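The primary structure of each chain is shown beneath.
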Amino acid sequence: LLQPLHQNDNNSNNNQNDHHKNSNTPPAKKRVLILEATTKPLKKVLQSGGGRCNVLHRTMSTPSHLSLHYYPRGGKEMIGPFTTGFSQKDAWKWFQGEGLDLKIESDGRVFPKSDDAQSVVDVLSAAAERAGVELFTGVKVLSVVKNSSWMMMEQNAKFDIALEMKQVLKDNGKGGGSNGNSTKRIKSTISCNSVVLATGSSPSGYAIAKSLGVDVASPYPSLFSFRFATNDDNDDSHTNTHSLEGLHGISIPDVHLTLMTKNDNDNVTQQQQKTKQNQKNNSKNKTQRGDLLITHRGLSGPAVLRLSSFAAQELHQCKYRGTILINFIPDLTQKEVYDALCYYASLQDVRRKNVGTASPRRRRRRQQLSHGYDSLPLSESLMDVLPDLPKRLWFSLITTSQIDPNTKWSQLSKKQRISLSQVLTSLPIHFHGKDTNKEEFVTAGGVMLSNVDLKRMESKQVPGLFFVGEVLNVDGVTGGFNFQHCWTSGYVAGVAAADSALLMEKKEEI
């Protein structure tokens, strides 16, 4: 809220003193108020990154690369704000300038060197306090309406905000709470020239926007893990057993995932036969590559979270039911894996070993050093890209391939080698349901960008109304991208909202 003009409750002055978090700030005519519903702001910042706060991501080569590759919704529209509004470099410089030392981890995520999210909260809070921002907590905004006396203004509109807040009553000898005081909820109304909605995925924010005539896309979850389908799911489209049961805690560093929603499941067999080239041509909302984590209940990890984000709308529509095909050797086609297995089985030191205990490993052979890697036969050179799969996972995969673990490598039939190569490159795992990643919970949907002036983050339908962060129909993948959108939209909206309020003041003077 910017430039409140009046407050019509008789207890307003006392109430301000009770809730004012910056009591030492000199009174100012031009005021900025934050109305926070909870008792403690910035909780999501504290939860991010396991309590470390993944505040940013390493700067991308261009804003368009950032927007188009890491934002499933709103990326194209945010190219401009990421370029000229408040870029990744701007955010880095701002935090550093505020005294927050940052570090970049190997995967590009940026954290405070303290590894403590509280240091990020402290920086944001201190900057707001120095700027004279007034923070009120425990305030419930009941409604935001355009002031009827200003409905004819062409460029701006004043707003009336109805709110409810808690007032602490001193003990008057009649008893009360454990500390001798009691509380009551009081209602009040304030007026302002600019309103900034920074309500995240709270339904109240969407409701306020709709009440003002703003178009809002229905929200739905993004960034979540997949639950294994079970026999209790009553799904006749497939058997509900899976090949990864009992393997929770295993992490595989580089896999390729292909999503098949329930409508696609009839084509799973054909999908398993896709070549490496066809795999590359899949749309990114259907495929992802990266680390995979097997949990007690299903599949998670960076690749799964990105997949859930890009396919969030489709998954929501099919009620989170379908199949994920896992390629454990994403650099090879199924035929190339078959050739590599045949070569591995022919090695003298492998032939008589059991398949269950002698899994393929990367083999840096002396010939590669003396004759050069390119001079090796293709089947032998492929050995260098076979993954070092965990033993428990390997044992499960050969069982899924209907191979007796005690079978010697030299005794594998052609049919068994084909089966194993198929399992290694397209293992189908059926899922039904999702689990929310509590640290990175993000909601897709929100205020439609077509009705927002993205140079100002201002509503085209309601001048003077601005939007920040997750309330907009913009969401990013895990890794600091959602916070970047918050910093960018927050800066752009804040500057524009202040300008709007000051313009209104000048019109009043005229």
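Membership of the largest hydrophobic core comes to 48 residues, with the highest contact counts inside it found for Leu244, Leu299, Ile326, Phe328 and Trp409. Ranked by residue count, the leading element in this core is helix 12 (residues 334-346), at 5 residues. Excluding anything up to four places from it in sequence, leucine 244 contacts Phe228, Ile294, Leu299, Ile326, Leu393, Ser396, Leu427 and Ile429. Ranked by size, the runner-up nonpolar core spans 44 residues in total, among them Ile161, Leu212, Val452 and Met457.

Time to look at the confidence of the model for the protein. Averaged over every residue, the pLDDT of the protein is 83; the share at 70 or more is 76%. Counting interchain partners and residues more than four positions distant, the pLDDT-below-50 stretch residues 2-28 has 64 contacts. Note that residues 364-376 has pLDDT below 50 and, in this model, 14 contacts with residues that lie over four places away or in other chains.

This paragraph deals with the packing of helix 15 (residues 391-400) against helix 16 (residues 414-425). Closest axis-to-axis distance for the helix 15/helix 16 pair is 9 Å, and the angle between their directions is 125°. By the angle between their axes, helix 15 is oblique relative to helix 16. Judged by the twist between their axes, the crossing of helix 15 over helix 16 is right-handed. Here helix 15 contributes Trp394, Leu397, Ile398 and Thr400 to the contact with helix 16, which in turn contributes Leu420, Val423 and Leu424. Class assignment for the residues of the contact of helix 15 with helix 16 results in 6 nonpolar, 1 polar and no charged.

Turning our eyes to something else, we now look at helix 10 (residues 302-310). Here helix 10 lies mainly inside the structure; 8 of its 9 residues are buried. Taken together, the buried positions of helix 10 are occupied by Ala303, Val304, Leu305, Arg306, Leu307, Ser308, Ser309 and Phe310.

So, how was this worked out
Residues numbered from 1 in each chain as written. Predicted model: local features only at pLDDT ≥ 70, side-chain atom pairs only at ≥ 80, totals over all residues. Heavy atoms only, no water. Core = buried A, V, L, I, M, F, W, Y, C linked by side-chain atoms within 4.5 Å. Buried < 20%, exposed > 50% of the residue type's maximum accessible area, 1.4 Å probe, protein only. Helix = DSSP H or I, 4+ residues; strand = E, 2+ residues; numbered from the N terminus. Contact = heavy atoms within 4.5 Å. pLDDT = per-residue confidence, 0-100. Axes fitted to C-alpha atoms, helices over the stretch in contact; angles between N-to-C directions. Parallel < 35°, antiparallel > 145°, perpendicular 65-115°, else oblique. Left-handed = near helix turned anticlockwise from the far one by under 90°. Nonpolar A, V, L, I, M, F, W, Y, C, P; charged D, E, K, R; others polar.

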